[in-house]
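# Per-entry structural report
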Amino acid sequence: MYRFLWTRQWVILALVSLLLIPTMIRLGIWQKHRYEERSARNQLVAEALHARPVPVEQVTGPGHAVTRKERYHTVTATGTFDTAHEVVVRRRTNADDEVGYHVLTPLVLDDGKVLLVNRGWIPADGPSQTAFPKIPAPPAGQVTVQGRLMPDETTAASGIKDIKGLPDRQVMLINSEEQARRLGRQVLGGYIEQTAPQPKGGTPEQISDPGKEDAPLNYAYMIQWWLFAAGVPYGFFVLVRREARARAEAAAEQEKAEEAEPAAV
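Remember, predicted model here, so these are calculated numbers, not experimental data.

Each value, and the rule that gives it
Residues numbered from 1 in each chain as written. Predicted model: local features only at pLDDT ≥ 70, side-chain atom pairs only at ≥ 80, totals over all residues. Heavy atoms only, no water. Buried < 20%, exposed > 50% of the residue type's maximum accessible area, 1.4 Å probe, protein only. Helix = DSSP H or I, 4+ residues; strand = E, 2+ residues; numbered from the N terminus. Pairing = 2+ DSSP bridges. Contact = heavy atoms within 4.5 Å. Axes fitted to C-alpha atoms, helices over the stretch in contact; angles between N-to-C directions. Parallel < 35°, antiparallel > 145°, perpendicular 65-115°, else oblique. Left-handed = near helix turned anticlockwise from the far one by under 90°. Nonpolar A, V, L, I, M, F, W, Y, C, P; charged D, E, K, R; others polar.

### Considerations on the pairing of strand β4 (residues 99-109)
- Among the 11 residues in β4, 10 count as buried, and that is most of the element.
- Two strands pair when backbone bridges link them, and strand β2 (residues 74-81) and β4 are joined in this way by 3 bridges, in the antiparallel orientation. Bridging across to β4, F81 finds its partner in L107.
- Inspection of the sheet shows strand β3 (residues 87-93) paired to β4 by 5 bridges, in the antiparallel sense. Of the residues in β4, the one forming a bridge with V89 is H102.
- Counted between consecutive antiparallel strands, the loop separating β3 from β4 contains 5 residues, among which D97 sits at a positive phi close to 65°.
- Here β4 pairs with strand β5 (residues 114-123) via 9 bridges, running antiparallel. By the bridge assignment, L104 is partnered in β5 with N118.
- What sits between the antiparallel neighbours β4 and β5 is a turn of 4 residues, in which G112 has the positive phi angle 90°.

Right under this line is the structure:
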């Protein structure tokens, strides 16, 4: 009754089914890992954003590489903005996906060290791509700022190519080591995205809080792949039973037809 399973068509179908099962299980495991990674990232971000603000030099210093756990931690710093050495970061978008610049202003601390402050986004509405844009001035004199600590940007992590030969005071990546060489000063590792005080007139447009990654979606995909894996052998069984039933019915009809034929004279 089941000899048809040894035909070429059914052998191929069985092999494909056997390959699909572990593949779908592996895809489900991959989605599980993505779910765990995203959940852990969301937890770290939430803890960092809600942690008590601390002075920036308690977390980072010259040459320090900001860790994943330190990222987004709210820090405070007191100093004076050095607008003479301000730079803009090219090809950055705001919440509406408009392309412009991020404004990166050195904050000279009381001990002479420098903290890089990303004051926010401005539109690229200058006369040309090479002209330095007009930037709203930060508060004059000594000021206390608050912001989210961020690691240095790299091409590997961000996917942004570090183009050389840019116009004066324009950069592609925010990197404390490069800025330390440019300024000839000690620069704290990483930088901050300023959250307070708010700029006058709402510009530069401060960077919004990082959103949560959609971890539950990966969990749903994990369940989906494993259900598919479980469904493959069930589907194969259903097809085999259907084929066997169809062949049995065809054989029964053939037998009846042969019995109904008159005997040859």
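The discussion continues.
### So, the environment of V11
- Tracing the sequence through the fold places V11 in helix α1 (residues 8-50).
- Apart from the residues lying within four places of it in its own chain, the contact partners of V11 are L5 and W6.

### Brief notes about the side chain of S17
- Residue placement: S17 occurs in helix α1.
- The buried category is assigned to S17, whose relative accessible area is 12%.
- For S17, the residues in contact, after removing those within four places along its chain, are V232 and F236.

### Section: the packing of α1 against helix α4 (residues 215-260)
- At a minimum axis distance of 6 Å, the contact between α1 and α4 shows a crossing angle of 165°. When the axes of α1 and α4 are compared, the pair comes out roughly antiparallel. Viewed along their axes, α1 and α4 form a crossing whose handedness is left-handed.
- Broken down by class, the residue content of the contact of α1 with α4 amounts to 24 nonpolar, 6 polar and 4 charged.

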